[in-house]
Every structure is written in structure tokens, then in C-alpha cells.
Amino acid sequence: MAGNVSLEWDREAVALVTVGDGGASNHVTTCATVSNLADALDQALEQGARVIVLASSVEGHWLEHASLDDLVRLMAGQPASGDPAGWFRSLQALNRGKAVTIAAINGDTSGGGCELGWACDLRVAEEQARFSQPEVIIGAGTGIGGTSRLMRLIGRTVTAEVVLMGRPLTARRLYELGGVNRVVPKGRAVEEALAMAREIAALPPQSVAGMKKMLGEAEDLNQTDGISNDQTISQTLFAHPDSLANMKAIQSRFDGGESMGDVYWPAV
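(A) Molecular detail of the sheet that holds strand β5 (residues 109-110). Strand order in the open sheet made by the three strands is β5-β7-β8, with mixed pairing throughout. With partners counted over all chains shown, the strands left at the sheet margins are β5 and β8 (169-170), one partner each. Across two bridges, the pairing between β5 and strand β7 (residues 130-132) is parallel. Looking at β7, one finds that S110 is bridged to S132.

Structure below.
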């Protein structure tokens, strides 16, 4: 436990990072909390996590927007509740760290909290959760992905409504737009996210890491350069000894008469 953030292991390679009550009014995310979060994410990566589930233990809230008191103090050149660099460290670990990241969203999320969720690879949301970027109401702006990342996820039209009006989207609406992967009943986000995490952790680790890298780097490239980068990464994966062994084993199953469904998706 680092402050109000805990790190647990569901099983080998699957880490559960849970953010608790940081003691701030309306459960805003203080610099102290996000510094603790960055430390926990770094620890999980250092200890070999291949999948990280990010959850909240606060009833009705996932991660909310940045503490306004912290922001006012920082703009005045005064110390905040913790190191504000924790925001950027957390974003880097979630979006570009080696582990696949899954947001298990159990309640409302806003501002910088939403932006941490947009940085994750996958998102599971409970049906009662609402997502908002209220910066325009505050008189500020989305500084860490609330416009640029969200626009890539759901398109410019609805993102414009979200950031120009500050009104929330429901989990169901966000799912329809492609912003979350699953909508689940209340109380089921962590369970569903861990199930996804276990499935991913059971796949060839070199391939999962390579695909995570491919996804992250594609965000910064045009299509031509992105395809070229895909090819560079995929060539290293095809040549990996474990991948070659897997390909031979799978081909032998095809030769033995098994279907693609039998081999790839037996439980689907």
C-alpha cells in the first residue's frame, strides 16, 4: 500500500491496482493520490505484471478530476498535495508501459480521472457510471488527453459535445460509440476486468507485448508509417523461438483435421 493506493496480485503476471479514498472533498484526485498511483504502477511493472487492472474502492466514484485546490496552488507557485508529475508518470505507465492496462470503472469519472481511463488499453464500465470532461465549465481545458485521446476513441463530433459543453456520457452511450469494451451490472467491473486480464495473460507474452507496443506507437503515426512500424514489430514476433514453436504446433493441429474455431476459440 502506497498511501491510499494498493497493489495486489490476482495471479502471476496479473496485478490489481486499487485507488482508495484520498480524503479530498467530492473524491477529486489529488496530486498525492496520483503520485501514489504512479508508484504502484511502476512497482507492478518492475515486478513483472503483464496485465494491470486499475480499479477504485470508493463507492460511486472511479477516478475524478484533479483537485482544484492543487491546481490553484500550482498556478500560484505554491506546493501541491504531492508531486504533479505523478499525472504524467501514471499516463506513461498506463499507455506506454509494457503491461496491458484495463480500467475497471465502478462509478462516475471525470476530468483527469477520465483521461487516465482513456490512456488504458481496455475499459470495463458498470452501467451506472458516467464519464465527463467538465474543464470548460471550470474555465480550464483538457490537458492530458481528454480531447485528443477521446477523439480517437469516439470521433470528433461527440468529443466536441463532451468538451465544449462539459456534460456527461453514460456508460451505455460510450459503449455504443466505441469508448468502452464492456458494460456490466453494478459491482461487476473488477470481476469482468480480471477475467479479461487472465485471458490476456494466458496468451504468448512476447506477442501481447508486441501488440501493445504496436497499438501505442500507431497513435503517433500516419497510416503509411504505422503499417511500416507494424511490419517491423511483427517480423520480430514471427522470428521469436516461442512463436515459431507455436506456429508449428498449431499447423500440426490443422493438419490433423481440427478447425480454426477448435484451435483458436474453443470456449467461444
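(B) Focus on empty space enclosed by the protein. Overall, the coordinates contain one cavity of 30 Å³ or more when judged by the stated rule. Looking at the largest cavity, its volume works out to about 80 Å³. Taken together, 14 residues form the lining of the largest cavity, with V19, G20, H27, V28 and W62 sitting closest to its centre. Residues of the lining of the largest cavity, tallied by class, amount to five nonpolar, seven polar and two charged.

(C) The arrangement of the packing of aromatic side chains in detail. The tally for this structure, following the rule as stated, stands at three aromatic pairs. Taking the centre distance of 5.9 Å and the plane angle of 20° together, the rings of W118 and F131 count as stacked. One end of the pair, W118, is in helix α4 (residues 111-119); the other, F131, is in strand β7, with 13 residues separating them in the sequence. The exposure classification of W118 matches that of F131, with both residues buried. Aromatic pair Y264 and W265: ring centres 5.6 Å apart, planes at 65°, arrangement edge-to-face.

(D) Representation of the pairing of strand β2 (residues 14-19) within the structure. The element β2 is largely enclosed, with a buried count of six among its six residues. Residues V14, L16 and T18 of β2 are buried on one face, and the alternating residues A15, V17 and V19, pointing to the opposite face, are buried as well. Of the strand pairs in this sheet, strand β1 (residues 5-11) and β2 are connected by six bridges, and their pairing is antiparallel. Following the sheet pairing, E8 is matched in β2 by L16. Counted between consecutive antiparallel strands, the loop separating β1 from β2 contains two residues, among which A13 sits at a positive phi close to 80°. As paired strands, β2 and strand β3 (residues 51-56) are joined by six bridges and run parallel to one another.

(E) Broad picture of the environment of D69. Counting through the fold element by element, D69 comes out in helix α2 (residues 68-75). Among the residues examined, D69 registers a relative accessible area of 52% and is labelled exposed. Separated by 136 residues in the primary sequence, D69 and P205 place their C-alpha atoms 42 Å from one another.

(F) Structural context of the packing of helix α1 (residues 31-46) against helix α3 (residues 85-96). The geometry of α1 relative to α3 is characterised by a closest axis approach of 8 Å and an angle of 35° between their N-to-C directions. The element α1 and its partner α3 pack so that their crossing is left-handed. Between α1 and α3, the residues in contact are C31, V34, S35, L37, A38, D39, L41, D42 and L45 and G86, W87, R89, S90, A93 and L94, respectively. Among the residues forming the contact of α1 with α3, the class breakdown is nine nonpolar, three polar and three charged.

Rules of the game
Residues numbered from 1 in each chain as written. Predicted model: local features only at pLDDT ≥ 70, side-chain atom pairs only at ≥ 80, totals over all residues. Heavy atoms only, no water. Pairing = 2+ DSSP bridges. Helix = DSSP H or I, 4+ residues; strand = E, 2+ residues; numbered from the N terminus. 1 Å grid on protein atoms, 1.4 Å probe; cavity = no way out; pocket = protein on both sides within 12 Å on 5 of 7 lines; lining within 4 Å. Points joined across faces, edges and corners; volume = space filled by probe spheres on them. Nonpolar A, V, L, I, M, F, W, Y, C, P; charged D, E, K, R; others polar. Phe/Tyr/Trp six-rings, centres within 6.5 Å; stacked < 30°, edge-to-face > 60°. Buried < 20%, exposed > 50% of the residue type's maximum accessible area, 1.4 Å probe, protein only. Axes fitted to C-alpha atoms, helices over the stretch in contact; angles between N-to-C directions. Left-handed = near helix turned anticlockwise from the far one by under 90°. Contact = heavy atoms within 4.5 Å.

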